[in-house]
Amino acid sequence: MRARIPMRIDSGMPRDQRSRTLSDLRISVIDRCNFRCPYCMPEDEYPRDHRFLSKAQRLRFEEIERLATIFAGLGVRKLRLTGGEPLLRRELPELVRRLASVDGVDDIAMTTNGSLLPGSAQALRDAGLHRITLSVDTLDADAYRKLSGGRGEVAEVHAAIDSAKAAGFPSLKLNSVVMRGINDGHVLDMIEHFRGSGHVLRFIEYMDVGTCNEWRRELVVPSAELRARIQTRWPLRALAANYGGEVAQRWEFADGAGEIGFISSVSEPFCGDCTRARLSADGRLYTCLFANSGHDLLGPMRAGASDAELAVLIAAVWSARDDRYSEIRGLANASARRHVEMYEIGG
Ligand code: SAM
Ligand code: SF4
Ligand code: SF4
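Basis of the calculations
Counting starts from 1 at the beginning of each chain's written sequence and moves along it residue by residue. Naming scheme: in the order in which they are written, chains are lettered from A and ligands are numbered from 1. Reporting of local features is limited, given that this is a predicted model, to residues whose pLDDT is at least 70; pairs of side-chain atoms are given and counted only at 80 or more, and all residues count toward the totals for whole chains, interfaces and linings. Side-chain metrics in this entry use all non-hydrogen atoms of the structure; hydrogen atoms and water are not considered. Throughout, the term near means that a residue has one or more heavy atoms lying within 4 Å of the molecule or strand in question. Two N or O atoms count as a polar contact when they lie within 3.5 Å, although within protein this holds only if one can serve as hydrogen donor and the other as acceptor, and sequence-adjacent residues are included solely when both atoms are side-chain atoms. Accessible surface is estimated by sampling points in the Shrake-Rupley manner with a 1.4 Å probe; for residues, cover comes only from the protein chains shown. Between 30 and 60 degrees the pair is tilted, below 30 it is stacked and above 60 it is edge-to-face, where a pair is any two Phe, Tyr or Trp rings, Trp via its six-membered ring, whose centres lie within 6.5 Å. For helices the rule is a DSSP run of H or I covering at least 4 residues; for strands it is a run of E covering at least 2, with both sets numbered from the N terminus onward. Accessibility here uses a 1.4 Å probe with only protein chains present; expressed as a share of the type maximum, an area under 20% marks a residue as buried, one over 50% as exposed, and anything in between as partly exposed. Only lysine NZ and arginine CZ atoms are considered, and such an atom sits over a ring when it is within 6 Å of the ring centre and within 35 degrees of the ring normal. In short, DSSP must find at least two bridges between two strands for them to pair. Whether two residues are in contact is decided by their heavy atoms, any of which lying within 4.5 Å being enough. Helix axes are fitted to C-alpha atoms over the stretch in contact, other axes to C-alpha atoms as well, and angles between N-to-C directions run from 0 to 180 degrees.

Chemist: Got a minute to help me understand the site of ligand 1 in this structure?
Modeler: As a structural note, the neighbourhood of ligand 1 is formed by 18 residues, with Tyr-39, Gly-84, Thr-112, Ser-135 and Met-207 the closest of them. The contact in question runs from a nitrogen atom of ligand 1 to an N or O atom on the backbone of Gly-84, over 3.0 Å. In the model, an oxygen atom of ligand 1 is placed 3.3 Å from a nitrogen or oxygen of the Thr-112 main chain. Coverage of ligand 1 by the protein amounts to 94% of the 550 Å² it exposes when considered alone.

Given below as structure tokens:
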């Protein structure tokens, strides 16, 4: 039988070609979603009979736990569960429970559209999930319906927030992808609603992820422009980052009503600090959100690779990494390349 190497694996803490360490791992637990957000999984490209990964093609919980342990040995301290919609994965609290016991990991978060959260918030909290990020692009009922591909209701957002609070989660991060002419006019209403609630709204520049959202630069509202609009109503003050490599720029309301954030990957790329790896539900390792392919870990794992061999493989992939797509987006050969779909690696 294959010997398992306990916890620490001696492949060192790899640095990539730009000297970036590996400290975060985003784990997509499923490629399916109950929403069809037009900027991620448009309905016409992903009809109800679309063939997603089968159960056998997906990483099993013990495989995810094993890989997370190996990644922790290489320096990963933060895990984020995502998807598709992670809450569609059955028994997710069981996975959280396993990951919570991985040596070296000190933060486990999840990004979700929240529609299924009321049924599992308490079990996830009890299993050891630390934080939840909820995706909320608008609070306007019609626009919410449209932006979820006709599958979500804004009332579910409020139910999700209430369930997270009742389960004992601290304040939530509420992520909103801002698109010009689509929901940028709803930003002030969202702020009005959440200001003072303790939850942190974060506005994300619309990105050219995947292949099917017909992204155009004119649809991006640069964070500086959005901030200027917000400032005409509520003066803001810049805050220092919580830690090196934090993707959101933090600002606070001058009147003390809390904090908001801006994720400006198009107008102010932060590739220089990017320490995140992504694991797809079928066990591929992606070193960039805009990569066109991933490195198969599931194949070698199921073929009997030892933990040490997998650690060496992952360290080699990371060491070879030279990604900085957001910095070179303007170059024709960069943007023409096919990108992995967002729902495959989860943002
Ligand atoms: N289904 C979950 C959700 O929506 O929260 C998790 C997966 S989703 C792919 C993760 C995040 O990616 C969401 O916050 C979503 O808004 C964001 N996202 C998807 N497509 C995007 C795009 N084109 N630009 C910016 N963010 C995007
Ligand atoms: Fe689903 Fe999330 Fe993509 Fe929307 S953004 S389609 S909720 S995976
Ligand atoms: Fe990281 Fe790639 Fe995004 Fe740059 S473009 S911040 S390298 S994921």
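Chemist: How should the packing of aromatic side chains be read in this particular structure?
Modeler: How two aromatic rings sit relative to each other is given by the distance of their centres and the angle of their planes. On inspection of all chains with the given rule, the structure shows 7 aromatic pairs. Taken together, a centroid distance of 6.3 Å and an interplanar angle of 85° make the contact between Phe-35 and Tyr-144 edge-to-face. Here the residue Phe-35 occupies a position in the loop between strand E1 (24-28) and helix H1 (61-73), and Tyr-144 occupies one in helix H4 (residues 141-147), the gap between them amounting to 109 residues. Since its relative accessible area comes to 5%, Tyr-144 is described here as buried. Ring geometry for Tyr-46 and Tyr-343: centres 5.0 Å apart, planes at 75°, overall edge-to-face. Taken together, the residues span a long stretch of sequence, with Tyr-46 in the loop between E1 and H1 and Tyr-343 in helix H12 (residues 342-345) at a distance of 297 residues. Taken together, the ring pairs connect Tyr-46, Phe-52 and Tyr-343 into an aromatic cluster. Seen from the ring of Phe-253, Arg-195 lies directly overhead, with NZ or CZ sitting 5.0 Å from the centre. Against the face of Phe-290 rests Arg-329, its NZ or CZ located 5.2 Å from the ring centre.

Chemist: Honestly, the sheet that holds strand E9 (residues 259-263) in this entry has me stumped. Any pointers?
Modeler: Whenever strands of a sheet pair, they do so through backbone hydrogen bonds, lying parallel or antiparallel. One open sheet holds the 12 strands; their spatial order is E7-E8-E9-E6-E5-E4-E3-E2-E1-E10-E11-E12, and the pairing between them is mixed. Edge strands, defined here as strands with exactly one partner in the open sheet, are strand E7 (236-238) and strand E12 (295-296). Bridge analysis of strand E6 (residues 200-205) against E9 gives 4 bridges, and the strand direction is parallel. Counterpart to Ile-204 in the pairing with E9 is Ile-263. Sheet contacts for helix H2 (residues 92-100): E1, strand E2 (78-82) and strand E3 (107-112); angle to E2, the most-contacted strand, approximately 170°.

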